[in-house]
Amino acid sequence: LTNLSDDFRLIVVCGREQSFLDQVNSLKEKYPSKILLAVGFAENMEELMVAADLIVGKAGPAVVFESLTIGRPLVLTNYIWGQEKGNRDFVVENGVGKYEPHTDRLAQTVSDFFANEAEYKKTMEKIGALSFPIGTDEILKKILKTKEAE
């Protein structure tokens, strides 16, 4: 992704993969204006995701559904066959992201995603139409209803 135009900046979350974090930090030294932040396990993942325009990662359920809940499209890079294939299929079939397993094509896939404004807008509309409510309002209504019944 360091091949992307200067319009793109990266936040890379590596989880508990120390060797991956070491590799990203080496790239950060080489491309300091491209990689804004490299972190291991992130306690503030929701803040990092909200700061992004696009989420790139594997098709784990947390990444997929947290991204869609906050209205962010996805480019999925891999999945665990028996566990995450359905997540990948859901994203692609609902038009809320793309699947690109080839790292040599990833930068072009990301760039293309933003190059076509009409397609980007259509993707964002599809994400909005899925409507993943956080549920706070429903919980509050149930609490108030229970309280009124007492």
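Further up the page is the structure itself.
In this report, we go over the structure that sits alongside the text.

Another aspect to go through is the sheet that holds strand β5 (residues 97-99). Each strand in a sheet pairs with its neighbour through backbone hydrogen bonds, running either in the same direction (parallel) or in the opposite one (antiparallel). Here three strands make up an open sheet; going across it, the order is β3-β4-β5 and the pairing parallel. Either end of the sheet is taken by a strand with one partner, and the two such strands are β3 (55-57) and β5. The average undirected angle you get between the axes of adjacent strands in this sheet is 10°. Contacting β3 and β4 (74-76), helix α3 (residues 61-69) runs over the sheet at an angle of about 165° to β4.

Bringing the packing of aromatic side chains into the picture now. For the coordinates displayed, the defined rule picks out seven aromatic pairs. When the ring of Tyr79 is compared with that of Trp81, the centres are 6.1 Å apart and the planes differ by 35°; the resulting orientation is tilted. Judged by relative accessible area, Trp81 falls into the exposed class, the value being 59%. Between Phe114 and Tyr120 the ring centres are 5.3 Å apart and the planes differ by 35°, which places this aromatic pair in the tilted class. Within the aromatic cluster, the residues linked to one another by ring pairs are Phe8, Phe113, Phe114 and Tyr120. Positioned over the ring face of Phe41 is Arg16, at 3.9 Å from the centre of the ring. Stacked on the ring of Tyr99, the Lys or Arg Arg88 has its end atom at 4.9 Å from the ring centre.

What counts, and where the lines are drawn
Residues numbered from 1 in each chain as written. Predicted model: local features only at pLDDT ≥ 70, side-chain atom pairs only at ≥ 80, totals over all residues. Heavy atoms only, no water. Pairing = 2+ DSSP bridges. Helix = DSSP H or I, 4+ residues; strand = E, 2+ residues; numbered from the N terminus. Axes fitted to C-alpha atoms, helices over the stretch in contact; angles between N-to-C directions. Contact = heavy atoms within 4.5 Å. Phe/Tyr/Trp six-rings, centres within 6.5 Å; stacked < 30°, edge-to-face > 60°. Buried < 20%, exposed > 50% of the residue type's maximum accessible area, 1.4 Å probe, protein only. Lys NZ or Arg CZ within 6 Å of the ring centre and 35° of its normal.

That's the geometry; what it means functionally is another story.
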